[in-house]
Amino acid sequence: MDIKIRFNTDKEKIDSSLKPWRVIVDGTEYLAENVVLQTKSWTTLDEVSPGKFKWHISTVGKIVWNSTQTECEII
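Residues numbered from 1 in each chain as written. Predicted model: local features only at pLDDT ≥ 70, side-chain atom pairs only at ≥ 80, totals over all residues. Heavy atoms only, no water.

Trainee: Even after reading the chapter, I still don't get the pairing of strand E5 (residues 41-49), so can you show me in this structure?
Mentor: For a regular strand, side chains alternate in direction, first toward one face of the sheet and then toward the other. The pairing of E5 with strand E6 (residues 52-60) spans eight bridges and is classified as antiparallel. Bridged to Leu-45 within E6 is Trp-55. In this structure, the hairpin formed by E5 and E6 is closed by a connection of two residues, where Gly-51 is found at a positive phi of approximately 80 degrees. (Pairing = 2+ DSSP bridges. Helix = DSSP H or I, 4+ residues; strand = E, 2+ residues; numbered from the N terminus.)

Trainee: Explanation requested: the pairing of strand E2 (residues 21-25) in the structure shown.
Mentor: Taken across its five residues, E2 has four buried, putting it largely inside the fold. Note: strand E1 (residues 2-7) against E2, five bridges, orientation antiparallel. Paired with Arg-6 across the bridge in E2 is Arg-22. Here E2 runs beside strand E3 (residues 28-32); their pairing, made up of five bridges, is antiparallel. Across the sheet, residue Val-23 finds its bridge partner in E3, namely Tyr-30. Hairpin connection from E2 to E3: two residues lie between these consecutive antiparallel strands, with Asp-26 at a positive phi of about 45 degrees. (Buried < 20%, exposed > 50% of the residue type's maximum accessible area, 1.4 Å probe, protein only.)

In structure tokens, the structure reads:
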């Protein structure tokens, strides 16, 4: 799986109760309180919409969520 992680800036701008991490798995976005990386990772600058770019921590692996869907581990 192609996985990208970035800070959820809506947490600061809109609602401080939002989870801080956007976890994008093969193009589908999830939110997490905590992300544990157990894989090789690197930074990428990706186009998220036409002409709009964002920085991510990128990796390839399998994602495992805890029972409350608040923390994920990438293995």
